[in-house]
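What follows is the residue order along each chain.
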Amino acid sequence: MSGTETRDGAAPLRLAAADEADLEVVSGVLQDAIVPIGDMTFRPERREFVFVANRYRWEAEAARERVNAGVTFSNVVAVRRRGIDFRTRDRFLDLLAVTCEADGEPGRPVVELTFAGERAIRLETAGLLCHLEDFGEPWPTQWQPEHADD
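The shown structure was predicted, so the numbers you read here are calculated from the model rather than taken from an experiment. (Residues numbered from 1 in each chain as written. Predicted model: local features only at pLDDT ≥ 70, side-chain atom pairs only at ≥ 80, totals over all residues. Heavy atoms only, no water.)

Looking now at the overall build of the protein. Scanning the protein from terminus to terminus reveals one helix and ten strands. Secondary structure elements of the protein occur, N-terminal to C-terminal, as β-α-β-β-β-β-β-β-β-β-β. In summary, the protein has a C-alpha radius of gyration of 15 Å against a globular reference of 15 Å for 150 residues, a match within 12%. The C-alpha extent of the protein, read off along each of the three principal axes, is 45 × 30 × 30 Å. Pairs at least 24 apart in sequence give 63% of the contacts found in the protein among residues at least 6 apart. When the accessible surface of the protein is totalled, it reaches about 8600 Å², and 48% of it is carbon and sulfur. Where the 18 positive side-chain charges of the protein centre and where its 28 negative ones centre are 8 Å apart. (Helix = DSSP H or I, 4+ residues; strand = E, 2+ residues; numbered from the N terminus. Rg over C-alpha atoms; globule rule 2.2 N^0.38 Å. Contact = heavy atoms within 4.5 Å. Areas by Shrake-Rupley, 256 points an atom, 1.4 Å probe, with all protein chains shown as cover. Lys, Arg positive; Asp, Glu negative; His and termini not counted. Charge placed at Lys NZ, Arg CZ, Asp CG, Glu CD.)

Structure representation (structure tokens):
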């Protein structure tokens, strides 16, 4: 096993999203990720919103595994939240989807991170740019997320 492969021989994911189609791929990869509130932060001086997600490895069909992924949204000019108290740093959120919409101004897309329990984070951007990178070794989990349409 080289330093860039997991136990199953797959390379850790490294994705970039610069448009809505790219972001749909990132959303699919992050579906059902567990996100600790304490591992999310907005860095206004760098115009970045970053978080660490414990994501289910949907791409590893035979293995039921999770892996940590770092996610960075660049060009962020404002962050809004609904139903999330950032003082409860020891709590976890279940990420359902990442979506993007134009907010009336060309070139200023809005990204929404939708979590279970009607919680959300809205990122107002000066241009969509997202990076996701797995880190560390995947670990087995006995629970595969289920959805009503499965």
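Here we take up the side chain of arginine 66. Residue placement: arginine 66 occurs in strand 5 (residues 65-73). Although arginine 66 is buried, it makes no salt bridge; aspartate 32 carries the closest opposite charge, 6.5 Å away. In terms of polar contacts, arginine 66 uses its side chain to reach the backbone carbonyl oxygen of aspartate 32, at 3.3 Å. When sequence neighbours within four positions are dropped, the list of residues in contact with arginine 66 reads Asp32, Ala33, Ile34, Asn54, Arg55, Tyr56, Arg57, Pro138, Trp139, Thr141 and Pro145. (Buried < 20%, exposed > 50% of the residue type's maximum accessible area, 1.4 Å probe, protein only. Salt bridge = Lys/Arg side-chain N within 4 Å of Asp/Glu carboxyl O. Polar contact = N/O pair within 3.5 Å; in protein donor to acceptor, adjacent residues only side chain to side chain.)

The next thing to look at is the packing of aromatic side chains. Enumeration over the complete set of coordinates arrives at two aromatic pairs. Judged by centre distance (6.2 Å) and plane angle (55°), the ring pair of phenylalanine 49 and phenylalanine 51 falls under tilted. Like phenylalanine 51, phenylalanine 49 is buried. (Phe/Tyr/Trp six-rings, centres within 6.5 Å; stacked < 30°, edge-to-face > 60°.)

Evaluation of the coordinates by the stated rule reveals zero disulfides. Cysteine 100 supplies the cysteine sulfur nearest to cysteine 130, a cysteine that is in no disulfide, at a spacing of 10 Å. (Disulfide = S-S within 2.5 Å.)

The next subject is the pairing of strand 3 (residues 40-43). Across four bridges, the pairing between strand 3 and strand 4 (residues 48-56) is antiparallel. Bridge pairing links phenylalanine 42 to phenylalanine 49 in strand 4. Here strand 3 folds back onto strand 4, and the loop between the two strands holds four residues, one of which, arginine 47, carries a positive phi near 55°. (Pairing = 2+ DSSP bridges.)

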